[in-house]
Amino acid sequence: LESVGEKNLRMSSEKCIVWTGSYTEELPFVAGHGEGLVPLEVNLSTGEVCLAPGGKIEPLKPNPTYLTRTDTGIVAVTETYGDRPQGDGLIHAYRFGNSKAELTALNAVTSKGTACCHVVLPANGKHVIAANYMSGSAVAYARNADGTLGTCTSFHQYKDGTMVNPARQEGPHAHMCMFDTSENFVYVPDLGGDVVRGYTFNHETGAMLPSAGLELVLPPGSGPRHIAFHPTQAIAYVLNELLSTVSTCTCDAASGKLTLLTTTSALPDGAEGSESTCAAIRVLSDGSALYASNRGHDSIARFTLGADGMPVFAECTPAGGKTPRDFVVLSTEGGAQTILLVGCQDSDIVSSFAIGDGGALAPTGSSVVVKSPSVLCQV
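Our subject in this report is the structure included herewith. (Residues numbered from 1 in each chain as written. Predicted model: local features only at pLDDT ≥ 70, side-chain atom pairs only at ≥ 80, totals over all residues. Heavy atoms only, no water.)

This part covers the overall build of the chain. Looking only at helices and strands, the chain features 1 helix and 31 strands. Over its C-alpha trace the chain gives a radius of gyration of 19 Å, about what one expects of a compact globule, namely 21 Å for 379 residues. Its C-alpha atoms give the chain principal-axis dimensions of roughly 60 × 45 × 45 Å. By the burial criterion, 58% of the 379 residues in the chain qualify as buried. Accessible area of the chain: about 14800 Å², with a carbon and sulfur share of 53%. Taking the average place of the 23 positive charges on the side chains of the chain and the average place of its 37 negative ones, the gap between the two points comes to 5 Å. (Helix = DSSP H or I, 4+ residues; strand = E, 2+ residues; numbered from the N terminus. Rg over C-alpha atoms; globule rule 2.2 N^0.38 Å. Buried < 20%, exposed > 50% of the residue type's maximum accessible area, 1.4 Å probe, protein only. Areas by Shrake-Rupley, 256 points an atom, 1.4 Å probe, with all protein chains shown as cover. Lys, Arg positive; Asp, Glu negative; His and termini not counted. Charge placed at Lys NZ, Arg CZ, Asp CG, Glu CD.)

Right, here's the structure in full:
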């Protein structure tokens, strides 16, 4: 049997690899100068973070701003703008090399739109679904047994923005594609349309099937960006970028219909009028807390979650840099979540925080330089 000392030594030395994506070029909203995909190593007990020893940077360009893990590697998207020689954005498939800190390119397919900004896989890994921000669309592809991406199985082009915020809502802006916990439904927050669009997903064909009543219309000017789900309750949380709020909804297990219950600010009292926008949202796996990142206020908002899944704003913790575009809650092999990692896009830094009682965050004091970080993904 493993002794207590041996168990503590094993837990203290457990480490994981986290891949980061970045903006690699200067754009109107970011002075991007990233190196592509960069692997990090994190000690899951202490939070110590560093460049992965023996790891290799994958110089994917332009702008590999989002990625997700697969059973054998990762899938990343390149976020392109305007009239580019390479045309639409691309969805890239990779397998791990000699370690999880090395990548080997497999193939790439068009995202059928511009500014591809998010990608997700179901648990069975048979398909990938991506969102195109600027052109306002969602696309699905089959994923082959060897990890390569195959044929397009679904495509949806959206129309019109609400124009409540003329600078940001002049047209449709799909910002994410996300499965609910059952993976029977896929949801696409459309920042430009103030709506979350829902689909029934066919895991055999890869079709995203529109269903009556699956559109959630949000208050004008909200700008829904991301969505997350409670691990055990039929509750969804929509992160509204433009109003810096979290909209809590019921999620009907049979129909997938979202029903708005309440909306809560992600900023502390007195900060609501500040120049700040939300970026990412995560829920702890035990359902005890929810986090959202604030760019401008440069903080991580924490909400405690009751047994019913309803959020109560607790506090904002400084993110350790400017523009916390993404963060990730890291898990040990046993499922414990004790470290949160934040990437601050405009400070070229990734920092770690210890997760305490009720999800409270405390800086570990460990950070690493990553240029223009945009996404963090534990593999």
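Picking up where we left off.
What follows concerns the sheet that holds strand β27 (residues 324–330). Within a sheet, each strand pairs with its neighbour through backbone hydrogen bonds, oriented either parallel or antiparallel. Here we have 4 strands laid out as an open sheet, ordered β27-β28-β29-β30, and antiparallel in their pairing. In this open sheet, the two strands that pair with only one neighbour each are β27 and β30 (361–369). On average, each strand axis in the sheet is tilted by 25° relative to the strand beside it, whichever way the strands run. Direction of pairing for β27 relative to strand β28 (residues 339–344): antiparallel, over a ladder of 6 bridges. Considered in β28, the bridge of Pro324 is made with Cys344. (Pairing = 2+ DSSP bridges. Axes fitted to C-alpha atoms, helices over the stretch in contact; angles between N-to-C directions.)

Right, let's get into the packing of aromatic side chains. The full count for this structure, using the stated rule, is 6 aromatic pairs. Taking the centre distance of 5.7 Å and the plane angle of 80° together, the rings of Phe303 and Phe313 count as edge-to-face. Taken together, the positions of Phe303 in strand β25 (residues 299–305) and Phe313 in strand β26 (residues 311–318) put the pair 10 residues apart, joining distant regions of the chain. Classification of Phe313 by relative accessible area gives partly exposed; the value is 27%. By the ring-pair criterion, three or more aromatic residues cluster together here, those being Tyr23, Phe29 and Tyr81. Its guanidinium or amino end placed over the ring of Tyr158, Arg197 lies 4.5 Å from that ring's centre, counting from NZ or CZ. When the ring centre of Phe327 is taken as reference, the NZ or CZ atom of Arg282 above it lies at 5.5 Å. (Phe/Tyr/Trp six-rings, centres within 6.5 Å; stacked < 30°, edge-to-face > 60°. Lys NZ or Arg CZ within 6 Å of the ring centre and 35° of its normal.)

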